[in-house]
Amino acid sequence: MTTISSVLTINQPHIPDFTNPLGLLVHCHERIEAQLSALERAGEILRAGDTQSLPRVFAAIDGACAHFAIPGVKHTEDEEVSLFPRLRERGGTARDALAAMTELESQHRRGEQLHAEIDELVGILPRDGSAEAKELDRFNELVAELTTLYRPHILLENNFVFPIASEVLPASEIQALGEEMRARRKDILQKLEASRSAQAGRMV
Ligand SMILES: [Fe+2]
Ligand SMILES: [Fe+2]
């Protein structure tokens, strides 16, 4: 369900599509930012001990973890498998981006460790309001570290690496980037198409 919702926005008129892959990557960042904010808000509510909100809070946490587990992983592949190698091939013309990409890749690895730790903690966290203060503190610490990692990371990509890519990559390479991103989501797009067809069938 989450995997389908992650691409529901693609193909809407105001959202970039695969013909504008760099715009789509920026849009993916907005979705990541929204999930980070959801995790931060969830941590605040958990700490406040509002037991009535627990089902809603854990639904938000599960949604964020699912987003980072599938669309988030595909996004990292978009960058590391499809975009960064193309920029590296440009060598001199993308020289300013080379060091940035190495740093971004190391941040991706740290992000993966943090996601694994968060997933593990969320898996054992009691959902009935009986979680210990130290467990909730750990959750909030991990989320704080994740947001501290992601926010400058996203700014560096949006404001530095992607503009360089748009400048140095020829249109054919940008198009190939978009096609690879589309292929990476083929399974999700097929499910989305099937669910839309089923819906249209019910409306007839
Ligand atoms: Fe990245
Ligand atoms: Fe990114």
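Quick caveat, the model's predicted, so the values are computed rather than measured. (Residues numbered from 1 in each chain as written. Chains lettered and ligands numbered in written order. Predicted model: local features only at pLDDT ≥ 70, side-chain atom pairs only at ≥ 80, totals over all residues. Heavy atoms only, no water.)

Two side chains that carry opposite charge are able to pair once their charged atoms sit near each other. Counted under the stated rule, the structure contains 18 salt bridges. Note that arginine 151 and glutamate 33 form a salt bridge whose closest N and O atoms lie 3.5 Å from each other. Here the residue arginine 151 occupies a position in helix α6 (residues 133-168), and glutamate 33 occupies one in helix α2 (residues 21-48), the gap between them amounting to 118 residues. Residue glutamate 33 is classed as partly exposed on the basis of its relative accessible area of 28%. Glutamate 173 is the salt-bridge partner of arginine 86, the closest N and O atoms lying 2.6 Å from each other. You can see arginine 86 sitting in helix α4 (residues 71-90) and its partner glutamate 173 sitting in helix α7 (residues 171-184), a full 87 residues away along the chain. For glutamate 173, a relative accessible area of 23% translates into the label partly exposed. Through salt bridges with shared partners, one network takes in Glu77, Asp78, Arg184 and Arg185. (Salt bridge = Lys/Arg side-chain N within 4 Å of Asp/Glu carboxyl O. Helix = DSSP H or I, 4+ residues; strand = E, 2+ residues; numbered from the N terminus. Buried < 20%, exposed > 50% of the residue type's maximum accessible area, 1.4 Å probe, protein only.)

This brings us to the coordination of the iron ion (ligand 1). Here the iron ion (ligand 1) is held by Glu79 (OE), His108 (NE2), His153 (NE2) and Glu157 (OE), and the distances to it run 2.0 to 2.2 Å. Coordination geometry of the iron ion (ligand 1): the 4 donor atoms subtend angles of 83 to 171° at the metal centre, consistent with an arrangement described as irregular. The sequence pattern formed by the donor residues of the iron ion (ligand 1) is E-x28-H-x44-H-x3-E. Here the iron ion (ligand 2) and the iron ion (ligand 1) are spaced 3.1 Å from one another, each receiving a donor from glutamate 79. Of the two residues, glutamate 79 sits in helix α4 while histidine 153 sits in helix α6, which places them 74 residues apart along the sequence. Residues glutamate 79 and histidine 153 agree in their burial class; the two are buried. (Donors = N, O, S within 2.8 Å, 3.2 Å for Na, K, Ca; no water. Tetrahedral: all angles 85-135°; square planar, octahedral: opposite > 155°, others 65-115°.)

Across its 36 residues, α6 extends 51 Å between first and last C-alpha, which sits within 8% of the 52 Å expected from 1.5 Å per residue. Along its length, α6 reaches its greatest deviation from straightness, about 35°, at glutamate 157. (Expected span 1.5 Å × (residues − 1). Bend = angle between axes of the 7 residues up to and from the residue.)

Looking at the chain as a whole, its pLDDT mean stands at 92, while 93% of the residues score no less than 70. Ranking the elements of the chain by mean pLDDT puts helix α1 (residues 2-8) last, at 45, and helix α3 (residues 54-69) first, at 98. Scored below 50 in pLDDT, residues 1-8 makes 17 contacts in the model with residues more than four places away or belonging to other chains. (pLDDT = per-residue confidence, 0-100. Contact = heavy atoms within 4.5 Å.)

Turning next to the packing of α2 against α7. Direction vectors running N to C along α2 and α7 enclose 45°, while the axes themselves pass 9 Å from each other. Comparing their axes, α7 and α2 come out oblique. Contacts from Pro21, Leu22, Leu24 and Leu25 of α2 reach α7 at Ile174, Leu177, Gly178 and Met181. When the residues that make up the contact of α2 with α7 are grouped by side-chain class, the tally is 7 nonpolar, 1 polar and no charged. (Axes fitted to C-alpha atoms, helices over the stretch in contact; angles between N-to-C directions. Parallel < 35°, antiparallel > 145°, perpendicular 65-115°, else oblique. Nonpolar A, V, L, I, M, F, W, Y, C, P; charged D, E, K, R; others polar.)

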